[in-house]
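So the chains spell out like this:
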Amino acid sequence: MRRTVSILAAAAVALTGSLAAGDPASAATPALRFHGAQYDSPGTDNRSATSLDNEWISLVNSGSRAVNLSGYTIRDASNHVYRFGAVSIAGNGGRLWLHTGKGSNTGKHRYWGSGNYVWNNTGDTAYLRNASGKQLDSCSWKSKKNRTWVAC
């Protein structure tokens, strides 16, 4: 009897541990996350204002509340860093695009102000961090023939 109880207790502990640990793939999708990236702007990469502005990465907020992005950063694997100023992203599917080039910032479109491309066409990783530096999300891609953007 004691052996049966010990076996059942060990099985219960093992089952509880496996349920508590959870599968990383089943982790909840963050409310504020990357939505997509146009990492290779259409046409020739000639560093024109149009070409640079057509390279972008976007965020989506699927939470119910707006998120103040002040101090949040988006960076790439080469440590190009964009720091958000005073801007919020609406909840319930609100989107925001960060364009590589120069332009006038609005509530939904922000501009890095770079004269060079940020996102590598051959593959890159974007990282979203909050104002405290905690990584909230990432989006990676590899070059694919006839593909210039990726859904994150």
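Predicted model, so just to flag it, every value in this text is computed and none were measured.

Asker: What is the right way to read the nonpolar core from this model?
Answerer: Most often, soluble globular proteins keep nonpolar side chains buried together rather than apart. Among the nonpolar cores identified, the biggest contains 24 residues, and Leu59, Leu69, Ile74, Phe84 and Trp119 are the most heavily contacted of them. When residues of this core are traced back to their parent elements, those giving at least two are strand S1 (32-38), strand S2 (56-61), strand S7 (94-99), strand S9 (123-129) and strand S10 (135-142). Leaving out residues up to four positions away in the same chain, Phe84 has contacts with Leu59, Leu69, Ser70, Gly71, Tyr72, Ile74, Leu96 and Arg110.

Asker: Please explain the state of the cysteines as it appears in this structure.
Answerer: Disulfides are covalent bonds that link the sulfur atoms of two cysteine residues. With the rule as written, the count across this model stands at one disulfide. Here Cys139 is linked by a disulfide to Cys152, with a sulfur-sulfur distance of 2.0 Å. Judged by the sign of its S-S torsion, about -75°, the bond between Cys139 and Cys152 is left-handed. Here Cys152 lies in the segment after strand S11 (149-151) and Cys139 lies in strand S10, a separation of 13 residues in the sequence.

Asker: Teacher, can you tell me more about the side chain of Asp40 here?
Answerer: Inspection of the secondary structure assignment puts Asp40 in the loop between S1 and helix H2 (49-53). Within the local environment of Asp40, its side chain forms a polar contact with the side chain of Asn121, the two groups lying 3.3 Å apart.

Asker: Can you walk me through the packing of aromatic side chains in this structure?
Answerer: Where two aromatic rings form a pair, the distance of their centres and the angle of their planes describe that pair. Taken as a whole and judged by the stated rule, the model has five aromatic pairs. Ring centres of Tyr39 and Trp141 lie 5.3 Å apart, and the angle between their planes is 15°; on these two criteria the pair is classed as stacked. One end of the pair, Tyr39, is in the loop between S1 and H2; the other, Trp141, is in strand S10, with 102 residues separating them in the sequence. Aromatic pair Trp112 and Trp119: ring centres 6.0 Å apart, planes at 80°, arrangement edge-to-face. Residue Trp112 is classed as buried on the basis of its relative accessible area of 16%. Judged by its relative accessible area of 2%, Trp119 falls in the buried class. Ring pairing ties together the aromatic residues Tyr39, Tyr82, Phe84, Trp112, Trp119 and Trp141, which thus form one cluster. The positively charged end of Arg147 is found above the aromatic ring belonging to Trp149, 4.6 Å away from the centroid.

Asker: I tried to follow the pairing of S10 on my own but got confused; where do I start?
Answerer: Each regular strand carries side chains that alternate between the two faces of the sheet. Bridge analysis of S9 against S10 gives seven bridges, and the strand direction is antiparallel. Note that in S10 the partner of Tyr127 across the bridge is Ser138. Remark: five residues form the turn of the hairpin made by S9 and S10, two consecutive strands paired antiparallel; Gly133 in that turn has positive phi of roughly 95°.

Asker: I keep staring at the sheet that holds S11 and nothing clicks. Help me out?
Answerer: What holds strands together in a sheet is hydrogen bonding between their backbones, with the strands either parallel or antiparallel. If you trace the five strands from one edge of the open sheet to the other, you get S8-S7-S2-S1-S11, paired in mixed fashion. The strands lining the two open edges of the sheet, one partner per strand, are strand S8 (109-111) and S11. Going from strand to strand, the sheet's axes swing by 25° on average, the running direction of each strand aside.

Cut-offs applied
- Residues numbered from 1 in each chain as written.
- Predicted model: local features only at pLDDT ≥ 70, side-chain atom pairs only at ≥ 80, totals over all residues.
- Heavy atoms only, no water.
- Core = buried A, V, L, I, M, F, W, Y, C linked by side-chain atoms within 4.5 Å.
- Buried < 20%, exposed > 50% of the residue type's maximum accessible area, 1.4 Å probe, protein only.
- Helix = DSSP H or I, 4+ residues; strand = E, 2+ residues; numbered from the N terminus.
- Contact = heavy atoms within 4.5 Å.
- Disulfide = S-S within 2.5 Å.
- Polar contact = N/O pair within 3.5 Å; in protein donor to acceptor, adjacent residues only side chain to side chain.
- Phe/Tyr/Trp six-rings, centres within 6.5 Å; stacked < 30°, edge-to-face > 60°.
- Lys NZ or Arg CZ within 6 Å of the ring centre and 35° of its normal.
- Pairing = 2+ DSSP bridges.
- Axes fitted to C-alpha atoms, helices over the stretch in contact; angles between N-to-C directions.

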